[in-house]
Amino acid sequence: MNLKSTPRNPRCDLLIHSGDVIDGTGGPRAHLDIAIEGDRIVAVGENLDERIDAGNKIDASGLIVAPGFIDVHTHDDRAVLSTPDMTPKISQGVTTVITGNCGVSLAPYTGNAPPPPMNLLGGGDWYRFSTMREYMAAVADAPPALNLAPLVGHSALRATTMGDDLSRAALPAEIERMEALLDEALSAGCIGMSTGLAYPPAFAAPTDEIVSLASLVAQYDGIYTTHMRDEGAGVLDSVHETLDIGERAQVPVVISHHKCVGRKNWGRSRETLAAIARARARQRVDLDVYPYVASSTVLFADWLSKAERVLVTWSTPHPELGGRDFEEIRRSWDCSAEEAVERLSPAGAIYFQMDEEDLRRILKFQDAMIGSDGLPHDSHPHPRLWGTFPRVLGHYCRDSKLFTLEEAVHRMSGVPARVFGLEGRGTIKPDAFADLVLFDADNILDEADFASPERPARGIYQVIVNGEQVRRGYEWTGARPGKILKRKKPNGA
Ligand code: ZN
Ligand code: CU
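Quick caveat, the model's predicted, so the values are computed rather than measured. (Residues numbered from 1 in each chain as written. Chains lettered and ligands numbered in written order. Predicted model: local features only at pLDDT ≥ 70, side-chain atom pairs only at ≥ 80, totals over all residues. Heavy atoms only, no water.)

Chemist: How do you make sense of helix α11 (residues 326-333) when you look at a structure like this?
Modeler: Each α-helix winds once per 3.6 residues, and so residues spaced three or four apart point in a common direction. Within α11 the residues assigned to the buried category are Phe326, Ile329 and Trp333. In an axial view of α11, the angular spread of the buried residues amounts to 65 degrees, which keeps them on one side of the axis. Among the exposed residues of α11, those pointing more than 90 degrees away from its buried face are Arg331 and Ser332. Residues of α11 that are buried in the fold lie against β14 (309-315) and α12 (337-344). The N-cap of α11, judged by a side-chain oxygen 2.9 Å from the amide nitrogen of Glu327 a few residues on, is Asp325. Of the residues trailing α11, Asp334 is marked for its positive phi of about 50 degrees. (Buried < 20%, exposed > 50% of the residue type's maximum accessible area, 1.4 Å probe, protein only. Helix = DSSP H or I, 4+ residues; strand = E, 2+ residues; numbered from the N terminus. Arc of directions from axis to C-beta. Contact = heavy atoms within 4.5 Å. Polar contact = N/O pair within 3.5 Å; in protein donor to acceptor, adjacent residues only side chain to side chain.)

The structure is reproduced here in structure tokens:
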């Protein structure tokens, strides 16, 4: 070795070499190396391996290197605190989660009895943050393995302001109080507000109530996401209500987990998607979707009739019945459906109520984003919690050929980073944050199913968050480099 005359190569912390890079923009893959220094990508190019020395190297031969996936629809508000390894998400290659969806967030409500569906995050013992700032400080003090960008939930604002008296419109004084709470959340760094208008705590809220609050979100350049009022017979009206809120409040909107529920409404995604596509000419509207024909939330008697089949995901009085078929339980008890719901409640359920053709049409819709809607505290959860992203990549992209792999990755990274304003995330390029996933495109597939929902996917080999390896092979490394992400103002200010 000739020590004297070797000019020193530049150095980096981590070099990922010999992989096929899909950069998240939708552009074609290329055989490139990636150099990482600290939490950032510093160089992307051919044969960097020969020109840059690295403290640590990862050989990505035969693998795809992609931006870490952004799960745009989660209920991980509490999971980031109670299970900071975030294995259900990290094991899918997810490096950022948007929390606080469907009107449900862990702050500012602090009552003892969070009304369903707020109880999906836990009981009153978990609702202990009276401001979003407090919640975010707790997360920053004990960070999880991945990044999060929190929304504040409208139902949480309502329950804080109106107590149990939720089946009516908020009074002007109550709206003022909600605005003050929302203002606190947005100034603390929340990226926007979500609603769950289909649920009892928010169903009685008139459109005007949402427009008032969403107008404040607009002043902060935030985003509005919504579990719409009706995803069944009234699904098109609900799309129009959402677009109306977006236009009147001048706020970008995201339709959460878009679907058409109930056999009578199957096929109506043709109408809803056409309305959304038309609206895109005049306003910012996006949607997310999970790759299953079954939904999951709390067990409500009113929702049974639209489902072909219902599974119980958890039950406080009957924990032993998690995973069992609702109809079988009812028959064994020899009672009415209403009585069975009452005996099981509080409880959660999976509802088989969507059509595969609608699902495929929505998945293929331009720039449709992927959101798991996983429920991390259910004892027998919907498999979307562990399987969403690998299922899209394996089943729908590779096997069913709904779109190219580049397009699939784009919907999981570049698109959500743009829509949610997550600066420096979602694409692989110099100066971007080093959130990355290495996977085998031929092998990737979800292993979680309705019978065994808590199984990690196969085909994902490395996950890197802010430059740190959080998953190597099939193991969590113990690293917890997650950050709370803010929303970049669209005008760059
Ligand atoms: Zn929802
Ligand atoms: Cu949700």
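Chemist: Please explain helix α13 (residues 356-364) as it appears in this structure.
Modeler: Taken together, the buried positions of α13 are occupied by Asp358, Leu359, Ile362 and Leu363. With its buried residues spanning 130 degrees around the axis, α13 presents them on a single face. Packed against the buried residues of α13 are α10 (269-279), β12 (285-289), β16 (369-370), α14 (384-399) and α15 (405-412).

Chemist: Explain the coordination of the zinc ion (ligand 1) here, please?
Modeler: Each angle at a metal carrying four tetrahedral donors should ideally be 109.5 degrees, and each at a metal carrying six octahedral donors should ideally be 90 or 180 degrees. Distances from the zinc ion (ligand 1) to its protein donors, namely Cys102 (SG), His227 (ND1) and His257 (NE2), fall within the range 2.1 to 2.2 Å. When the donor residues of the zinc ion (ligand 1) are listed from N- to C-terminus, their spacing reads C-x124-H-x29-H. Separating the zinc ion (ligand 1) from the copper ion (ligand 2) is a distance of 3.0 Å, and Cys102 supplies a donor atom to each of them. Of this pair, Cys102 sits in the loop between β7 (94-99) and α4 (132-141) while His227 sits in strand β10 (residues 223-227); the two residues are 125 residues apart in sequence, bridging distant segments of the chain. An identical accessibility class is assigned to Cys102 and His227; each is buried. (Donors = N, O, S within 2.8 Å, 3.2 Å for Na, K, Ca; no water.)

Chemist: Which parts of the structure should I look at to understand the packing of helix α9 (residues 235-249) against α10?
Modeler: When two helices pack together, you describe them by how their axes are tilted relative to each other and by the distance separating the axes. Relative orientation of the contacting elements α9 and α10 amounts to 15 degrees, with a least axis distance of 9 Å. Overall, the two elements α9 and α10 adopt an arrangement that is roughly parallel. Viewed along their axes, α9 and α10 form a crossing whose handedness is right-handed. Judged by residue contacts, Val235, Leu236, Val239, His240 and Leu243 of α9 engage Glu271, Thr272, Ala275, Ile276 and Ala279 from α10. Residues belonging to the contact of α9 with α10 are distributed by class as follows: seven nonpolar, two polar and one charged. (Axes fitted to C-alpha atoms, helices over the stretch in contact; angles between N-to-C directions. Parallel < 35°, antiparallel > 145°, perpendicular 65-115°, else oblique. Left-handed = near helix turned anticlockwise from the far one by under 90°. Nonpolar A, V, L, I, M, F, W, Y, C, P; charged D, E, K, R; others polar.)

Chemist: Where do I start with the sheet that holds strand β9 (residues 192-196) in this structure?
Modeler: Note: strands within a sheet are paired through backbone hydrogen bonds, in either parallel or antiparallel orientation. Read from one edge of the open sheet, eight strands run β6-β7-β8-β9-β10-β11-β12-β16, paired in parallel fashion. Edge positions in the sheet fall to β6 (69-71) and β16, since each of these pairs with one other strand and no more. Note: β6 against β7, three bridges, orientation parallel. Residue Ile70 lies in a different strand from β7, and its bridge partner there is Thr96. Packing against the sheet, α9 makes contact with β10, β11 (253-255) and β12, and its axis sits at approximately 165 degrees to β11. (Pairing = 2+ DSSP bridges.)

Chemist: Where do I start with the environment of Asp208 in this structure?
Modeler: Counting through the fold element by element, Asp208 comes out in helix α8 (residues 207-219). For Asp208, a relative accessible area of 46% translates into the label partly exposed. Residues Asp208 and Thr25 lie 183 residues apart in sequence; the distance between their C-alpha atoms is 37 Å. At 2.8 Å, the side chain of Asp208 forms a polar contact with the side chain of Arg248.

Chemist: Is there a simple way to explain the environment of Ile255 in this structure?
Modeler: Structurally, Ile255 is set in strand β11. Given the relative accessible area of 0%, Ile255 is considered buried. Placed 209 residues apart in sequence, Ile255 and Ile464 show a C-alpha to C-alpha distance of 29 Å. Setting aside chain neighbours within four positions, we find Ile255 in contact with Thr226, Met228, Val239, Thr242, Ile276, Val285, Asp286, Leu287 and Asp288.

Chemist: How do you make sense of the state of the cysteines when you look at a structure like this?
Modeler: Every disulfide links exactly two cysteines, by a covalent bond between their sulfur atoms. A full pass over the atoms with the stated rule returns zero disulfides. Here Cys190 stays unpaired: no disulfide links it, and the sulfur of Cys102, its closest cysteine neighbor, is 16 Å away. You can call Cys190 buried: its relative accessible area is 7%. (Disulfide = S-S within 2.5 Å.)

Chemist: I tried to follow the domain arrangement of the chain on my own but got confused; where do I start?
Modeler: Structurally, the chain comprises domain 1 (4-67 + 428-476), domain 2 (69-300 + 351-419) and domain 3 (301-350). Taken over C-alpha atoms, the centre of domain 1 sits 29 Å from the centre of domain 2. On the domain 2 side, the residues contacting the 37 residues of domain 1 number 35 residues. Here domain 1 and domain 2 share an interface that buries about 2,900 Å² over both sides, 67% of which is from carbon and sulfur atoms. Linking domain 1 with domain 2 are two salt bridges. (Domains from an automatic or database assignment. Buried area = accessible area lost by both parts, 1.4 Å probe. Salt bridge = Lys/Arg side-chain N within 4 Å of Asp/Glu carboxyl O.)

Chemist: Would you take a moment to explain the sheet that holds strand β15 (residues 347-352) for this structure?
Modeler: Ordered by their spatial adjacency, three strands build an open sheet running β13-β15-β14, and the pairing between neighbours is antiparallel. Two strands bound the open sheet, and with one partner strand each, they are β13 (294-298) and β14. Looking at each pair of strands side by side, their axes are set apart by 20 degrees on average, direction ignored. Direction of pairing for β13 relative to β15: antiparallel, over a ladder of five bridges. What sits directly across from Ser295, in β15, is Tyr351.

Chemist: Help me out: how do you make sense of the packing of aromatic side chains in this one?
Modeler: In this description, a pair of aromatic rings is defined by centroid distance and the angle of the planes. Evaluation of the coordinates by the stated rule reveals 11 aromatic pairs. Summarising the aromatic geometry, the rings of Tyr199 and Phe300 are spaced 6.5 Å apart at their centres and angled 50 degrees between planes, so their arrangement reads as tilted. Of the two residues, Tyr199 is situated in the loop between β9 and α7 (200-203) and Phe300 in the loop between β13 and β14; the sequence distance between them amounts to 101 residues. The class for Tyr199 is buried, based on a relative accessible area of 4%. Overall, Phe300 belongs to the buried group, its relative accessible area being 16%. (Phe/Tyr/Trp six-rings, centres within 6.5 Å; stacked < 30°, edge-to-face > 60°.)

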